[in-house]
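Next come the chains, spelled out residue by residue.
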Amino acid sequence: MQRPPQEDFSLKETKPHLGGGKVSGDKLTSTYDLVEQMQYLYVRVVKARDLPGKDVTGSLDPYVEVKLGNYKGTTRRFEKKSNPEWSQVFAFSKDRIQASVLEVTVKDKDVVKDDFVGRVLFDLNDIPKRVPPDSPLAPQWYRLEERNGSKVKGELMLAVWMGNQADEAFPEAWHSDAAAVSGADGLANIRSKVYLSPKLWYLRVNVIEAQDLIPSDKSRFPEVFVKAILGNQALRTRVSMSKTINPMWNEDLMFVAAEPFEEPLILSVEDRVAPNKDEVIGRCAIPLQYVDRRLDHKPVNTRWFNLEKHIIVEGEKKEIKFASRIHLRVCLEGGYHVLDESTHYSSDLRPTAKQLWKSSIGVLEVGVLSAQGLSPMKTKDGRATTDAYCVAKYGQKWVRTRTIIDSFAPKWNEQYTWEVFDPCTVITIGVFDNCHLQGGDKSGGARDSRIGKVRIRLSTLETDRVYTHSYPLLVLHPTGVKKMGEIHLAVRFTCSSLVNMMHMYSQPLLPKMHYLHPLTVSQLDNLRHQATQIVSLRLSRAEPPLRKEIVEYMLDVGSHMWSMRRSKANFFRIMGVLGVVISVGKWFDQICNWKNPITTVLIHILFLILILYPELILPTIFLYLFLIGIWYYRWRPRHPPHMDTRLSCADAAHPDELDEEFDTFPTSRPPDIIRMRYDRIRSIAGRIQTVVGDLATQGERLQSLLSWRDPRATALFVIFCLVAAIVLYVMPFQAVALLTGFYVLRHPRFRYKLPSVPLNFFRRLPARTDCML
């Protein structure tokens, strides 16, 4: 597979005209905005009065047509109304205006041909300008005219002005570039929107015991367990060890719950009467609105809940009350942060309970400017096209820009702001192709296609600096990595309190409860999966929906799946980190072997000074680190990080490895391919197993020094320790260190090729590998 040119995937710095001004150095010359100004002609159609009747009956079905050159927008139609109210806004991009006159016409809807009622004309040169934060322009009454200019009966209330995208009317306006979109649903699907993730809680159900159960078969010992269901989450306890009618469990079950709480927690006590047959002894439903909320690890009060049983009597379900009950401790955990994102890309680390939130440390502002060179994502009327929009996610706030219809170089120029509570967080910005322009899901369950995404870690941004870069949009396909275009962003992180922000670096990353009462890794994985499902379900029910495929792509669902490419990339990352240690080791080996005699002599002198003046050891180390840090300042990164194809091993991935990565789970490939892949995974797992085994062996040898596993070896080591203690007590420490140092740095003619005695002794120590099958 041919490797694409690396420069295609690079980050590019840009110099846009933000807010009508230029970016000079780190600050804007104009404090207006982080986006380029776009001029729009706005027309607000408010209402009409005294419109003349046009039908034989004298009634009127009025609507308004706003026309500017080739662009034409219409209001909704009213039936039989001479004083209609529309309150609709139309926006025409100044870049696309090719006419000099704006025509606003009132028409009457008719079966054959719509009747002309009257119109109002505006010369574009006479239209006033409005710059926010000026107050909105007050609408005025205009007399309707005939086509020949004579006045007719009826008046239309309008406001017409030139403005920009910061205008309050902008988000809800009908845009001339969306003229091809039909229906209210379609228009709603292309407008910019802000969404909020639901507030998520961990629900802890501590199942303690049950009393006075009545199993159907009293001749046997009951094997009882408790099943808990919350929405689509179901968990169960183990079968109670006490096989009586008063079983005990004392087991914790954890769920994810989202406000507003729509579904109750349903608990059912069940008896395993046969290997695959369970019988419900009783159940109870607990509404989450009445469950205790706790902020720390202090236990909440336990409660007894009555169990109910339903029986069918003559086709009807009847409840029977009986004395069985269950003992529980149920609480909503406010002290944890509910993880719904990949831990490495978290945009929020606050606990659920607002009482525990710290004050914000700053503000993140992002200007979504434009995109260039987007790939065609679909065909419409035999022509390749893309209808792109962006989604940005930080904290609980999701934003969605408007959709730019049929453009491979869309210009959004929209700006959004987020409060920042922790600098070590990541904002994710994704670009998608809108497949729902005709409204709803009428296009046969079409899914919005992903074009690519960008992640920016806030801690890598300098405070108050405006970053304007073009980021490559990279997507991994079964055929390899592909650049889908570039997105142009302006980003500024403003810090409100430098002291608070620096203090954050001393705080644990997650809330205290994660460390005081940690959840297991498997629990966290299951809970994260449930949290992402809940968030995607809730956002897909918004209007217009933020669809499931969008939310899952933004939250990195599926990033934990096996990937040969990712495993290789992680291996190279480890080698990169170890490379520094290895290079220091090689350098020291060269010193010991007198490869460069002058350097070795200088090291001897430095070593001698440090031994004679041991109080200089730590200052020298820290001074050396200080000098290295200052030296590396010249090569500090100037750009925010971006997707790196070489680091991800995406630019040279084998086609079969990519096919495996995009395979479904469970697999859908033929048996011979599965066998080959299975063997490959076994070979890699074997290598990992060997490395982990070697590390374990070294650790066990260290333990064996004193464990008397090898009595002779431990006896030798114990005697050595006694002799060493006496010698070190008698001899000055400086003399011991000096002799040791000179021995290590001795000239090659005094060295042996064979391993040293301590190393031989260590390698002969037993490890527990002998006990392994």
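Residues numbered from 1 in each chain as written. Predicted model: local features only at pLDDT ≥ 70, side-chain atom pairs only at ≥ 80, totals over all residues. Heavy atoms only, no water.

Turning our attention to the overall build of the protein. For the protein, the count of helices and strands is 13 helices and 32 strands. Radius of gyration (C-alpha) of the protein: 36 Å, far over the 28 Å computed for a compact globule of 773 residues. Its C-alpha atoms put the protein at 120 × 90 × 60 Å along the principal axes. Considering only contacts in the protein between residues 6 or more positions apart, those separated by 24 or more positions represent 69%. When the accessible surface of the protein is split by element, carbon and sulfur atoms take 58% of a total near 43200 Å². (Helix = DSSP H or I, 4+ residues; strand = E, 2+ residues; numbered from the N terminus. Rg over C-alpha atoms; globule rule 2.2 N^0.38 Å. Contact = heavy atoms within 4.5 Å. Areas by Shrake-Rupley, 256 points an atom, 1.4 Å probe, with all protein chains shown as cover.)

Next up on the list: the sheet that holds strand β30 (residues 449-457). The sheet built from five strands is open, its strands ordered β13-β27-β26-β29-β30 with antiparallel pairing. The open sheet is flanked by β13 (193-196) and β30, the only strands paired with a single partner. Sheet twist, expressed as the mean angle between neighbouring strand axes with direction ignored, is 20 degrees. Bridge count for strand β26 (residues 388-394) against strand β27 (residues 397-400) is four bridges, and the pairing is antiparallel. Across the sheet, residue lysine 393 finds its bridge partner in β27, namely tryptophan 398. (Pairing = 2+ DSSP bridges. Axes fitted to C-alpha atoms, helices over the stretch in contact; angles between N-to-C directions.)

Okay, the sheet that holds strand β28 (residues 411-420) next. The five strands lie next to each other as β1-β31-β32-β23-β28, forming an open sheet whose pairing is antiparallel. In this open sheet, the two strands that pair with only one neighbour each are β1 (12-13) and β28. Where strand β23 (residues 362-372) lies against strand β32 (residues 480-495), ten bridges are found, and the strand directions are antiparallel. Paired with leucine 364 across the bridge in β32 is phenylalanine 493.

Inspection of every chain in the model, using the stated rule, returns 37 salt bridges. Ionic pairing is found between aspartate 433 and lysine 378, a salt bridge with its closest N-O pair at 3.0 Å. Of this pair, aspartate 433 sits in strand β29 (residues 426-433) while lysine 378 sits in strand β24 (residues 378-380); the two residues are 55 residues apart in sequence, bridging distant segments of the chain. On the basis of relative accessibility, which here comes to 0%, the residue aspartate 433 falls in the buried class. Where lysine 453 meets aspartate 556, a salt bridge forms, and the shortest distance between an N and an O atom there is 3.1 Å. Of this pair, lysine 453 sits in strand β30 while aspartate 556 sits in the loop between α5 (548-554) and α6 (564-592); the two residues are 103 residues apart in sequence, bridging distant segments of the chain. Taking the relative accessible area as the measure of exposure, lysine 453 reaches 6% and is therefore buried. Each of Arg204, Asp252, Arg294 and Glu333 takes part in a single network of salt bridges with overlapping partners. (Salt bridge = Lys/Arg side-chain N within 4 Å of Asp/Glu carboxyl O. Buried < 20%, exposed > 50% of the residue type's maximum accessible area, 1.4 Å probe, protein only.)

Turning our attention to the domain arrangement of the protein. Domain boundaries assigned for the protein yield domain 1 (39-191), domain 2 (200-333), domain 3 (356-555) and domain 4 (564-771). A separation of 39 Å is found between the C-alpha centroids of domain 2 and domain 3. Counting from both sides, the interface comprises 17 residues of domain 2 and, opposite them, 14 residues of domain 3. Counting the surface lost from both domain 2 and domain 3, the interface buries some 1300 Å², and carbon and sulfur atoms represent 62% of this. Considering only the side of domain 2, the residues that lose the most area to domain 3 are Tyr202, Met254 and His297, jointly responsible for 32% of the buried surface there. Inspection of the domain 2/domain 3 interface yields two salt bridges. Residue glutamate 262 pairs with arginine 538 through a salt bridge whose shortest N-O separation is 3.9 Å. Inspection of the region where domain 2 meets domain 3 yields four residue pairs in polar contact (both at pLDDT 80 or more). Here the side of domain 2 that touches domain 3 takes four residues from strand β17 (residues 248-258), the largest share from any one element. (Domains from an automatic or database assignment. Buried area = accessible area lost by both parts, 1.4 Å probe. Polar contact = N/O pair within 3.5 Å; in protein donor to acceptor, adjacent residues only side chain to side chain.)

Strand β14 (residues 200-211) sits mainly inside the fold: eleven of its twelve residues count as buried. Relative to β17, β14 runs antiparallel, the two being bridged by nine bridges. Paired with leucine 203 across the strands is phenylalanine 255, a residue of β17.

So, on to the packing of helix α7 (residues 597-612) against helix α12 (residues 733-744). The contact between α7 and α12 brings their axes to 10 Å, and the two run at 165 degrees. Classed by the angle they form, the pair α7 and α12 counts as roughly antiparallel. In this structure, α7 meets α12 at a crossing whose hand is right-handed. Contacts between α7 and α12 involve His604, Phe607, Leu608, Ile611 and Leu612 from the first element and Gln734, Ala737, Leu738, Gly741 and Phe742 from the second. Looking at the contact of α7 with α12 residue by residue, the classes come out as seven nonpolar, three polar and no charged. (Parallel < 35°, antiparallel > 145°, perpendicular 65-115°, else oblique. Left-handed = near helix turned anticlockwise from the far one by under 90°. Nonpolar A, V, L, I, M, F, W, Y, C, P; charged D, E, K, R; others polar.)

Here the focus is the UniProt feature "transmembrane region" (unreviewed entry) in the protein. Within this structure's numbering, the places UniProt gives as "transmembrane region" (unreviewed entry) are residues 571-588, 600-633 and 715-745. A distance of 28 Å separates the end C-alpha atoms of residues 600-633, which is 85% helix and 0% strand. (UniProt positions renumbered as here; feature names shortened; annotations may be inferred.)

Let us look at the packing of aromatic side chains. Taken as a whole, this structure holds 13 aromatic pairs when the rule is applied. Measuring from ring centre to ring centre gives 6.1 Å for tryptophan 357 and phenylalanine 421, while their planes differ by 55 degrees; the resulting arrangement is tilted. Here phenylalanine 421 lies in the loop between β28 and β29 and tryptophan 357 lies in the loop between β22 (316-333) and β23, a separation of 64 residues in the sequence. Taking relative accessible area as the criterion, tryptophan 357 reaches 26% and is therefore assigned partly exposed. Since its relative accessible area comes to 16%, phenylalanine 421 is described here as buried. A network of ring pairs unites the aromatic residues Tyr40, Tyr42, Trp161 and Phe170 as a single cluster. The positively charged end of arginine 236 is found above the aromatic ring belonging to phenylalanine 225, 4.1 Å away from the centroid. (Phe/Tyr/Trp six-rings, centres within 6.5 Å; stacked < 30°, edge-to-face > 60°. Lys NZ or Arg CZ within 6 Å of the ring centre and 35° of its normal.)

A few words on the state of the cysteines. Summed over the entire model, instances satisfying the criterion amount to zero disulfides. Looking at the unpaired cysteine 331, the closest cysteine sulfur is the one in cysteine 284, lying at 16 Å. (Disulfide = S-S within 2.5 Å.)

To continue, consider unusual backbone geometry. With an omega of -10 degrees, the peptide bond between glutamate 259 and proline 260 qualifies as cis. Relative to the helices and strands, proline 260 resides in the loop between β17 and β18 (265-274). Phi at aspartate 381 is positive, roughly 55 degrees, even though this residue is not glycine. Looking at the element boundaries, aspartate 381 is found in the loop between β24 and β25 (383-385). Residue class for aspartate 381 comes out exposed when judged on its relative accessible area of 79%. Even without a glycine there, the phi angle at asparagine 413 is positive, about 50 degrees.

Our next topic: the nonpolar core. Tyr202, Leu364, Trp398, Trp418, Ile427, Ile487 and Leu489 are the most contacted members of the largest nonpolar core, which totals 65 residues. With residues up to four places along the chain from it excluded, the contact list for isoleucine 487 reads Val368, Ser370, Ala371, Cys390, Ile429, Val431, Val454, His469, Ser470, Tyr471 and Leu473. Counting 32 residues, the second largest nonpolar core, distinct from the first, contains Leu41, Val45, Val64 and Val104. (Core = buried A, V, L, I, M, F, W, Y, C linked by side-chain atoms within 4.5 Å.)

Take lysine 227: it is sitting in strand β15 (residues 224-230). Overall, lysine 227 belongs to the partly exposed group, its relative accessible area being 27%. For the pair lysine 227 and arginine 465, spaced 238 residues apart in the sequence, the C-alpha separation amounts to 54 Å. The residues contacting lysine 227, other than those within four sequence positions of it, are Leu235, Arg236, Ile266, Leu267, Ser268 and Glu270.

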